[in-house]
Amino acid sequence: MHYNANFMETAEVVIIGGGIVGSSIAYHLTAAGCKDVLVLERETAQGKGSTGKSMGGVRAQFSTPVSIRMSLYSIPFYAGFEERLGHPSDYRPQGYLFCATGEKHISYLRTNYQKQIALGLKDVRLITADEIRSLFPQLRSDDIVGGSFCSTDGFVDPYSAMIGFMTWAADHGTKLRKNTKVTGIQRDAQGIAGVETTSGNISTRKVVNAAGPWAAEVARMAGVDLPVEPLRRMLVPTEPFDQFPHTAPMIIDMSNGFHFRPEALGFLLAWNDPEETPGYKTDFEPGFIEKILTRAADRVPMFENLAVNPKRAWAGLYEMTPDHHPILGEAPGVPGFFLANGFSGHGVMHAPATGKILSDLILTGKCDLVDTSLLGLSRFAEGRLIEETAVL
Ligand SMILES: Cc1cc2nc3c(=O)[nH]c(=O)nc-3n(C[C@H](O)[C@H](O)[C@H](O)COP(=O)(O)OP(=O)(O)OC[C@H]3O[C@@H](n4cnc5c(N)ncnc54)[C@H](O)[C@@H]3O)c2cc1C
């Protein structure tokens, strides 16, 4: 494939994918002064990928410095979102409460807590079992031995944040082209030369892969092998339920990973089924309801009375990497091909930091927010994986 000087259209940066990650990158590039950004989205509307399916949880309670630092940029960003972008992100700092049910969990939370504090997180604290009991007497707590709580963790509205990023970017020069699927990526001796789409070719020297769970397909178009796999996640919203406080944080039962948070007049229930296998499965499996309600009633006995309407439950795709960390930065051997992929369940909460990192790398070649050498694609070939164990 060769660079074709007769291309009709050009852009300084082409972003493939208009989900929350592509939108944040477009915002950060535009805010940094790059006015010639084109976002290509194959759907007729934004948000039809993982972003529109997300639970909207944001937290800084992670186990690795890279994840913690990304949250330390992203959560304050969400807190000031409306002031900065003129559009709500609906950030609700109701916290995340991890409930430990064994000494192993406690020492794990303590180690994480020390890392979080050392990196500058102020609002996290270890919490005793008695305090958990007095805050939430509705929880079955005979096996709870303590926990960890961070008050600035909480929830956002992923769709609203995505639209906020893109609207600001579009108002300041970014172009968003919907209904336009990228079908090929062209390379020449210098690196990236352009993209082929269902509505024509575009000449560019810089392409960003922000294609969410479809990232590996897009990377293949540039000859890059990307270890990102789609993995189904299902969420079950309940009907209105007022016997548990709606001011509650995200509550995580560490014995089995079941977690829930208030949503509208009811609750949103989540559990990572260990039997799930990778693939593009987006159908909701009715059998999941019984599995999750069993876990819900086990931790919150009054949830035995919860009503759920299976028609309102949904499934979406996580974009998993082997070490549960994103792959960020220029692909080795393909100058101008930038990756923003594989968020492994954290793409909404880390979208602001990702936008900043990608914008810095694209415009200046370096970024101070995190040690980007840790997040590059080459870590897999070089055996430098960074294991994140605090995955929900
Ligand atoms: C059930 C569920 C719960 C979740 N909960 C949380 C949570 O609580 N907190 C959190 O931080 N994260 C959560 N996540 C993860 C989060 O939603 C994702 O990491 C994030 O939305 C990824 O954003 P994205 O922009 O990379 O991908 P997407 O939103 O999938 O966007 C990618 C876009 O690329 C487009 N595209 C793909 N291929 C092409 C092509 N060839 N040409 C043009 N366009 C293309 C797609 O149409 C899509 O719009 C959850 C995910 C799921 C499924």
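The preceding data block contains the structure.
Since the structure is predicted, the reported quantities are computational estimates derived from the model, not experimental observations.

**Some points on the overall build of the protein chain**
Then, number 1: Secondary structure summary: the protein chain contains ten helices and 20 strands in total.
Then, number 2: For the protein chain, whose C-alpha radius of gyration is 21 Å, the value lies close to the compact-globule estimate of 21 Å for 392 residues.
Then, number 3: Projected onto the principal axes, the alpha-carbon positions of the protein chain cover approximately 70 × 45 × 40 Å.
Then, number 4: Here the protein chain holds 392 residues, and 56% of them are scored as buried.
Then, number 5: Surface summary for the protein chain: the accessible area is close to 15,800 Å², and the carbon and sulfur share equals 52%.
Then, number 6: Between the centroid of the 36 positive side chains of the protein chain and the centroid of its 43 negative side chains there is a distance of 3 Å.

**Some thoughts on the site of the ligand**
Then, number 1: Close to the ligand lie 39 residues; Glu41, Ser50, Thr51, Gly57 and Met349 are nearest.
Then, number 2: Measuring from an oxygen atom of the ligand, one finds a backbone N or O atom of serine 50 at 2.8 Å.
Then, number 3: Side-chain polar atom of glutamate 319 to an oxygen atom of the ligand: 2.8 Å apart, as the coordinates give it.
Then, number 4: When isolated, the ligand has an accessible area of 1,000 Å², and the protein chains bury 98% of it.
Then, number 5: Those elements giving two or more residues to the shell around the ligand turn out to be helix 1 (20-31), strand 14 (229-237) and strand 18 (314-320).
Then, number 6: Among the elements that take part in the shell around the ligand, strand 18 stands out by supplying four residues, more than any other.
Then, number 7: Residues belonging to the shell around the ligand are distributed by class as follows: 17 nonpolar, 15 polar and seven charged.

**Re the sheet that holds strand 6 (residues 124-127)**
Then, number 1: Spatially, the eight strands line up as an open sheet ordered 6-7-5-15-16-17-14-18, and their pairing is mixed. Looking at the sheet topology across the chains shown, the edges are occupied by strand 6 and strand 18. When strand polarity is set aside, the average angle formed by the axes of neighbouring strands in this sheet is 25°.
Then, number 2: Note that strand 15 (residues 250-253) and strand 16 (residues 259-263) share two bridges and pair antiparallel. Residue isoleucine 252 lies in a different strand from strand 16, and its bridge partner there is histidine 259.
Then, number 3: Sheet contacts for helix 4 (residues 103-118): strand 5 (96-100), strand 6 and strand 7 (146-150); angle to strand 6, the most-contacted strand, approximately 160°.
Then, number 4: Across the face of the sheet, helix 8 (residues 287-299) comes into contact with strand 14, strand 15 and strand 17 (266-270) while running at roughly 110° to strand 17.

**Quick notes on the pairing of strand 15**
Then, number 1: Here strand 15 shows no split at all, with Met250 and Ile252 on one side and Ile251 and Asp253 on the other all buried.
Then, number 2: Here strand 5 runs beside strand 15; their pairing, made up of four bridges, is parallel. In the sheet register, tyrosine 96 faces strand 15, and the bridge partner there is methionine 250.
Then, number 3: Here strand 15 hands over to strand 16 after five residues, with glycine 257 in that stretch at a positive phi of 85°.

**Focus: the packing of helix 1 against helix 9 (residues 351-364)**
Then, number 1: Direction vectors running N to C along helix 1 and helix 9 enclose 50°, while the axes themselves pass 8 Å from each other. In terms of axis orientation, helix 1 runs oblique to helix 9. Crossing hand, helix 1 versus helix 9: right-handed. Together, Ile20, Val21, Ser24, Ile25, His28 and Leu29 of helix 1 and Ala351, Pro352, Thr354, Gly355, Lys356, Leu358, Ser359, Ile362 and Leu363 of helix 9 make up the contact between the two elements.
Then, number 2: When its residues are assigned to classes, the contact of helix 1 with helix 9 shows nine nonpolar, five polar and one charged.

Parameters at a glance
Residues numbered from 1 in each chain as written. Predicted model: local features only at pLDDT ≥ 70, side-chain atom pairs only at ≥ 80, totals over all residues. Heavy atoms only, no water. Helix = DSSP H or I, 4+ residues; strand = E, 2+ residues; numbered from the N terminus. Rg over C-alpha atoms; globule rule 2.2 N^0.38 Å. Buried < 20%, exposed > 50% of the residue type's maximum accessible area, 1.4 Å probe, protein only. Areas by Shrake-Rupley, 256 points an atom, 1.4 Å probe, with all protein chains shown as cover. Lys, Arg positive; Asp, Glu negative; His and termini not counted. Charge placed at Lys NZ, Arg CZ, Asp CG, Glu CD. Near = heavy atom within 4 Å. Polar contact = N/O pair within 3.5 Å; in protein donor to acceptor, adjacent residues only side chain to side chain. Nonpolar A, V, L, I, M, F, W, Y, C, P; charged D, E, K, R; others polar. Pairing = 2+ DSSP bridges. Axes fitted to C-alpha atoms, helices over the stretch in contact; angles between N-to-C directions. Contact = heavy atoms within 4.5 Å. Parallel < 35°, antiparallel > 145°, perpendicular 65-115°, else oblique. Left-handed = near helix turned anticlockwise from the far one by under 90°.

Function cannot be read off these values alone, since they describe shape.
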